[in-house]
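# An overview of the molecular structure
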Amino acid sequence: MNLKEIREELLKKLENLQAKTERDFAEFKSQIFGKSGVLTGLMKSLKDLPPDKKPQAGKEINDLRVELVAACDEKEKELHRMSIERSINSQTIDLSIDKCGHAVGSMHPLNQVKKRLTDYFVGNGYIVYDSPEIETDYYNFQALNVPLDHPARDMQDTFFINDNMLLRTQTSAGQIRLMEKYKPPIKMICPGRVYRNDDDSTHSFSVNKPK
């Protein structure tokens, strides 16, 4: 059998190969490239050729090796793809079934009311101003005519961070900040969170506050 016939036979076997596992394919490759493989046998047969024919025969055998290596790589990719398809087809889970829908959350009732009120005032020409929730004593009390010794401070059990910083007890502090930037007349609202340690359970920061 000459080299051309060997090439055609090996490529035909490779094309018709139905290997189901990597081990099957490895065994086939061993028949070509292994110690007892076809190409190894061809290389060993070079010693029996006349010296002037060895170079050309060696080149042709090496070209055949390169071609077979490339063909085996392509076949291996094809077998891997087919293996994945068989695995998918054997699964009992129907991936086309629509998953159960999840309910989308809605806006909190307080935020809904806040939005409606804000939209109303904005529609009447008011601006919306947002002031810091961590405020200074000056903006939260003093600039609103509540000096350090004012008795009204006793009515607001305030969360102080230090002697000067606190969690705002009212959004009116935003009025002072806005008037520092713009001249009256000003139409504004300043909605937002306020913080008071009230004893009234309907206003308390915690409904589980111990008695």
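As a reminder, the structure under discussion sits directly above these lines.
Summary of the structure given here. Worth saying up front: this structure is predicted, and the values here are computed from it rather than measured. (Residues numbered from 1 in each chain as written. Predicted model: local features only at pLDDT ≥ 70, side-chain atom pairs only at ≥ 80, totals over all residues. Heavy atoms only, no water.)

## Description of the overall build of the protein chain
When helices and strands are counted, the protein chain shows seven helices and four strands. Reading the helices (α) and strands (β) of the protein chain from amino to carboxyl end gives α-α-α-α-α-β-β-α-β-α-β. Evaluated residue by residue, the protein chain yields a buried proportion of 24% over its 211 residues. Sequence separation of 24 or more characterises 62% of the internal contacts of the protein chain that already satisfy a separation of 6 or more. Total accessible area on the protein chain stands at roughly 16200 Å², and carbon and sulfur atoms take up 55% of it. (Helix = DSSP H or I, 4+ residues; strand = E, 2+ residues; numbered from the N terminus. Buried < 20%, exposed > 50% of the residue type's maximum accessible area, 1.4 Å probe, protein only. Contact = heavy atoms within 4.5 Å. Areas by Shrake-Rupley, 256 points an atom, 1.4 Å probe, with all protein chains shown as cover.)

## Points about the packing of aromatic side chains
Given two aromatic rings, their pairing is described by the distance between the two centres and the angle made by the two planes. Counting across every chain of the model gives three aromatic pairs. Pairing Phe-121 with Tyr-126 gives two aromatic rings, centres 5.0 Å apart and planes at 75°, and the pair type is edge-to-face. Judged by centre distance (5.1 Å) and plane angle (80°), the rings of Tyr-138 and Tyr-139 are edge-to-face. The partly exposed category is assigned to Tyr-138, whose relative accessible area is 39%. With a relative accessible area of 15%, Tyr-139 lands in the buried category. (Phe/Tyr/Trp six-rings, centres within 6.5 Å; stacked < 30°, edge-to-face > 60°.)

## What about the pattern of salt bridges?
Enumeration according to the criterion identifies nine salt bridges in this entry. Here Glu-78 ties to Lys-75 by a salt bridge, and the two come within 3.9 Å at their closest N and O atoms. Highlighted residues: Glu-78 and Lys-75, both in helix α4 (residues 54–90), separated by three residues, approximately one helical turn. Residue Glu-78 is classed as partly exposed on the basis of its relative accessible area of 32%. Residue Glu-133 pairs with Arg-193 through a salt bridge whose shortest N-O separation is 3.7 Å. One end of the pair, Glu-133, is in the loop between β1 (127–128) and β2 (134–136); the other, Arg-193, is in the segment after β4 (188–189), and 60 residues separate them in sequence. In this structure Arg-193 comes out as exposed when scored by relative accessible area, which is 56%. (Salt bridge = Lys/Arg side-chain N within 4 Å of Asp/Glu carboxyl O.)

## Description of the environment of Gly-174
Considering the arrangement of structural elements, one finds Gly-174 in helix α7 (residues 173–181). Residue Gly-174 is classed as buried on the basis of its relative accessible area, which comes to 0%. C-alpha separation for the pair Gly-174 and Met-188, spaced 14 residues apart in sequence, amounts to 9.5 Å. Discounting chain neighbours no more than four positions away, the residues touching Gly-174 are Tyr-129, Ser-131, Met-188 and Cys-190.

## Concerning the layout of surface pockets
Each pocket or cavity is described by its volume, and for the largest pocket that value is around 430 Å³. Surrounding the largest pocket, 16 residues form its lining, Leu-110, Asn-111, Lys-114, Pro-191 and Gly-192 being those nearest its centre. When residues of the lining of the largest pocket are assigned to their parent elements, the largest contribution, seven residues, is made by helix α5 (residues 109–123). (1 Å grid on protein atoms, 1.4 Å probe; cavity = no way out; pocket = protein on both sides within 12 Å on 5 of 7 lines; lining within 4 Å. Points joined across faces, edges and corners; volume = space filled by probe spheres on them.)

## Quick word on the packing of helix α1 (residues 3–15) against helix α2 (residues 22–33)
Remark: α1 packs on α2, axes separated minimally by 12 Å, with the N-to-C direction vectors making an angle of 180°. Considered as vectors, α1 and α2 are oriented roughly antiparallel to each other. For the pair formed by α1 and α2, the contact residues are Leu-10, Lys-13 and Leu-14 on the first element and Phe-25, Phe-28 and Ile-32 on the second. Class assignment of the residues belonging to the contact of α1 with α2 gives a composition of five nonpolar, no polar and one charged. (Axes fitted to C-alpha atoms, helices over the stretch in contact; angles between N-to-C directions. Parallel < 35°, antiparallel > 145°, perpendicular 65-115°, else oblique. Nonpolar A, V, L, I, M, F, W, Y, C, P; charged D, E, K, R; others polar.)

## As for unusual backbone geometry
Peptide bonds are mostly trans, and most non-glycine residues show a negative phi. Backbone torsion omega between Pro-184 and Pro-185 reads 5°, so that peptide bond is classified as cis. Along the polypeptide, Pro-185 turns up in the loop between α7 and β4. Positive phi, normally seen in glycine, also occurs at Asn-145, with a value near 65°. Structurally, the position occupied by Asn-145 is in the loop between α6 (137–140) and β3 (165–167). Judged by relative accessible area, Asn-145 falls into the exposed class, the value being 65%.

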